[in-house]
Amino acid sequence: MLRRILVLVTTTFATTQLSLAAIDGVKMPPNDGKLRIIAFGAHPDDCELQVGGTAARWAKEGHHVLLVSVTNGDIGHWREAGGPLAVRRKMEVQEAHKILGVQGVILDVHDGELLPTLENRRMLTRLIREWKADLVLSHRPNDYHPDHRYTGVLVQDAAYMVTVPFFCPDVPHLTNNPVFFYYADRFEKPNPFDPDVVVNIDSVMEKKLDALGVMVSQFAEGGANGSASLLPPEPDKQKARHKQVRDGFARRYQGVAEKFRAKLGDWTSEPAQVKHAEAFEICEYGSQPNAAQLKKLFPFSDK
Ligand SMILES: [Zn+2]
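As the structure is a computational prediction, the values presented were derived from the model and not from experiment.

Attention now goes to the nonpolar core. Residues V51, W58, L137, F181, F280 and F298 are the most contacted members of the largest nonpolar core, which totals 56 residues. Listed in part, the 29 residues of the second largest apolar core include L18, L20, F40 and F180.

Below is the structure:
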């Protein structure tokens, strides 16, 4: 375990000076005309929950997807915390990313302690620039968890600064501002989530459920609000718990399809057939795509 902790520390050291190309295991995409997508989540499960299905669809078509967890998830469990939990979280998301066919990075920020500082604004700006992103996704800044809110604020703060040459001049600025998107959430104040894009994820739903299923510390064990009773040692009870988690997630994305079925009609000729969906709203601060541009960014529409 000690060796694993040291590996985590060395690969996530000095995040404010972070260079994607220098992170072990990150393959910088070629300039091949495919889309370049960078998604930010506060914790090692948020990107996978919010955009895991769409990410798998992009990846299937050869587009380049990087999922970034802005904190390392090191307090998000009822029984354990610190380095060992951060390592466990990292190993779980790595397995999830293999299933989804995407790349991922976990930044070395303590869970529950993310702040919208200048250093963090620079860090996210550098990552978006290095990835040469066409699309950037994140939480809305009125989500329930402070790390979610500040991830949303930091991405909003980067949404113009990525184009400003003398902000972080150590990384070339983007000449085309990406399009920024928010994830779906249920919060109403000051304004509810209002999707511009609803993606049919039926074709990758099993993959997404498999990916969420390997994140045992987050879901089967219940994360920060879990307990020992959720995943007892008996194999039959464990099997039942894993099925319960899987069925619960299937219902969650059925709920998204149900809630936004009218909007699904913009994206598919048979919206009533769609069982599972993910939804995204355009942020006002980056590039503003027209309908045709939006369909190039989410190239899954049959209309
Ligand atoms: Zn989270």
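Back to the write-up after that little detour.
At a minimum axis separation of 10 Å, helix α6 (residues 205-213) and helix α7 (residues 235-259) run at an interaxial angle of 130°. Looking at the two axes, α6 sits oblique to α7. Crossing hand, α6 versus α7: right-handed. Here α6 contributes M205, E206, K208, L209, D210 and L212 to the contact with α7, which in turn contributes R246, F249, A250 and Y253.

A word on the environment of K295. Take K295: it is sitting in helix α9 (residues 291-297). The contact partners of K295, leaving out residues within four places of it in the chain, are D266, W267, S301 and K303.

Here the focus is the coordination of the zinc ion. Taken together, H43 (ND1), D46 (OD), D46 (OD) and H148 (NE2) make up the protein donors of the zinc ion, found 2.1 to 2.7 Å from the metal. Each donor residue of the zinc ion belongs to the same chain, with the gaps between them written as H-x2-D-x101-H. Comparing H43 with D46 shows no difference in burial state: the two are buried.

Our next topic: the state of the cysteines. According to the stated counting rule, one finds zero disulfides in the structure shown. Unpaired in this structure, C168 has its nearest cysteine sulfur neighbour in C283, at a distance of 18 Å.

Below, the discussion takes up the sheet that holds strand β5 (residues 179-183). Sheets are built from strands that pair by backbone hydrogen bonding, the pairs being arranged parallel or antiparallel. Spatially, β3-β2-β1-β4-β5-β7-β6 is the arrangement adopted by the seven strands of the open sheet, whose pairing is mixed. The sheet is open, and its two borders are formed by β3 (103-106) and β6 (197-200), each paired with just one other strand. Going across the sheet, the axis of each strand differs from the next one's by a mean of 25°, ignoring polarity. Bridge analysis of strand β4 (residues 135-138) against β5 gives four bridges, and the strand direction is parallel. Each residue of the ladder has a partner; that of V136, found in β5, is F180. Sheet strands touched by helix α4 (residues 118-131): β1 (36-41), β2 (64-69), β3, β4 and β5. Its angle to β1, the strand with the most contacts, is close to 155°.

Definitions and limits used
- Residues numbered from 1 in each chain as written.
- Predicted model: local features only at pLDDT ≥ 70, side-chain atom pairs only at ≥ 80, totals over all residues.
- Heavy atoms only, no water.
- Core = buried A, V, L, I, M, F, W, Y, C linked by side-chain atoms within 4.5 Å.
- Buried < 20%, exposed > 50% of the residue type's maximum accessible area, 1.4 Å probe, protein only.
- Axes fitted to C-alpha atoms, helices over the stretch in contact; angles between N-to-C directions.
- Helix = DSSP H or I, 4+ residues; strand = E, 2+ residues; numbered from the N terminus.
- Parallel < 35°, antiparallel > 145°, perpendicular 65-115°, else oblique.
- Left-handed = near helix turned anticlockwise from the far one by under 90°.
- Contact = heavy atoms within 4.5 Å.
- Donors = N, O, S within 2.8 Å, 3.2 Å for Na, K, Ca; no water.
- Disulfide = S-S within 2.5 Å.
- Pairing = 2+ DSSP bridges.

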